[in-house]
Amino acid sequence: AIENVDEDIKRQTAEVARIKALRDKTAAQLTASRKKAANTMQQELIEALHVLGMPNVQMEMEITPRTEPDATGADKVTFLFSANKNVPKQDVSAIASGGEIARLMLALKALIAKRASLPTIVFDEIDTGISGNAANAVAEKLNLISKFHQVLCISHLPNIAAAADYNYFISKKVTNERTNTNVKLLQEKEVIEEIARISSGKVNDVTIKYATQLRN
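Okay, so let's go over this structure.

What counts and what doesn't
Residues numbered from 1 in each chain as written. Predicted model: local features only at pLDDT ≥ 70, side-chain atom pairs only at ≥ 80, totals over all residues. Heavy atoms only, no water. Helix = DSSP H or I, 4+ residues; strand = E, 2+ residues; numbered from the N terminus. Rg over C-alpha atoms; globule rule 2.2 N^0.38 Å. Areas by Shrake-Rupley, 256 points an atom, 1.4 Å probe, with all protein chains shown as cover. Lys, Arg positive; Asp, Glu negative; His and termini not counted. Charge placed at Lys NZ, Arg CZ, Asp CG, Glu CD. Expected span 1.5 Å × (residues − 1). Bend = angle between axes of the 7 residues up to and from the residue. Buried < 20%, exposed > 50% of the residue type's maximum accessible area, 1.4 Å probe, protein only. Contact = heavy atoms within 4.5 Å. Patch = residues over 30% accessible without salt bridge, like charges linked within 9 Å, V, L, I, M, F, W, Y side chains within 5 Å. Salt bridge = Lys/Arg side-chain N within 4 Å of Asp/Glu carboxyl O.

1. Observations regarding the overall build of the protein chain
Counting its secondary structure elements, the protein chain contains seven helices and seven strands. For the protein chain, the α and β elements follow one another from N to C terminus as α-β-β-β-α-α-β-α-β-α-β-β-α-α. For 216 residues, the compact-globule formula gives about 17 Å, and the C-alpha radius of gyration of the protein chain, at 25 Å, lies well above that figure. Expressed along its principal axes, the backbone C-alpha trace of the protein chain runs to roughly 90 × 55 × 30 Å. When the accessible surface of the protein chain is summed, it comes to about 14,400 Å², and 53% of that surface belongs to carbon and sulfur atoms. Taken as two groups, the 28 positive and 26 negative side-chain charges of the protein chain have centres that lie 4 Å from each other.

2. Some remarks on helix α1 (residues 5-51)
Over its 47 residues, α1 extends 66 Å from the first C-alpha to the last, a length consistent with the 69 Å expected when each residue adds 1.5 Å. Its axis deflected by about 25° at Ala38, α1 carries its strongest bend there. For α1, the full list of buried residues reads Ala27, Thr31, Ala38, Met41, Gln42, Leu45, Ile46, Ala48 and Leu49. Residues of α1 that are buried make contact with β1 (58-70), β2 (73-82), α3 (98-116) and α4 (132-145). Looking at the residues trailing α1, positive phi occurs at Gly53, about 85°.

3. Quick notes on a nonpolar patch on the surface
A surface patch of nonpolar side chains, about 570 Å² in accessible area, is lined by Tyr166, Tyr168, Ile170, Val183 and Leu185. Among the secondary structure elements, Val183 is positioned in strand β7 (residues 178-185).

4. Thoughts on the pattern of salt bridges
As enumerated under the stated definition, the model contains twelve salt bridges in all. Ionic pairing is found between Glu193 and Lys189, a salt bridge with its closest N-O pair at 2.7 Å. Of this pair, Glu193 and Lys189 both sit in helix α6 (residues 188-200), four residues apart, which is roughly one turn of the helix. What makes Lys189 exposed here is its relative accessible area of 61%. Salt bridges linked by common partners bring Arg23, Asp24 and Glu68 together as one network.

Such coordinate-based values are descriptive only and should not be taken to indicate function.
Here is the structure:
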């Protein structure tokens, strides 16, 4: 082994060079694909966010080179975002509110689902920080996605619960110092009562009437 060490180093150095060249070629192909996809993604996200009640939104996918490639390629991808007119775009993690992040995630998941043919999409409290017309827009978007994918959505908003085909009530109960989670499929009368309850915390004639109108 000692007698052949120079030859081994030479051979392994050549193999490292070959693999690096292959890595760089593959990374360059990925960069080209990302830049091409970014233009389409930006436009589709902007259009989706307009529908979700953000008429002045600006989006840009900024792709910059890394100093050294890693498992995700040779690029650093940053979502630049602004929800307001004449406000410069910044990194979405630094500028977006909870409600804006929720709607952006909904738009992004819908876009990915359309491309990837996902059978099921899970939205965990996608309604964070939204209400009113924005909540109605999110409910409509979720309903549209459900025409092509199974959608599971955990929500506390009556607008979104009212748009569902099936409603499950999730509750927790402590028994013998152990917490159990229960899931129950609600019948239509129970759905109306739950929508009334999450609307105002009370179930009475007024909230039942509101819940029925919302459901219809």
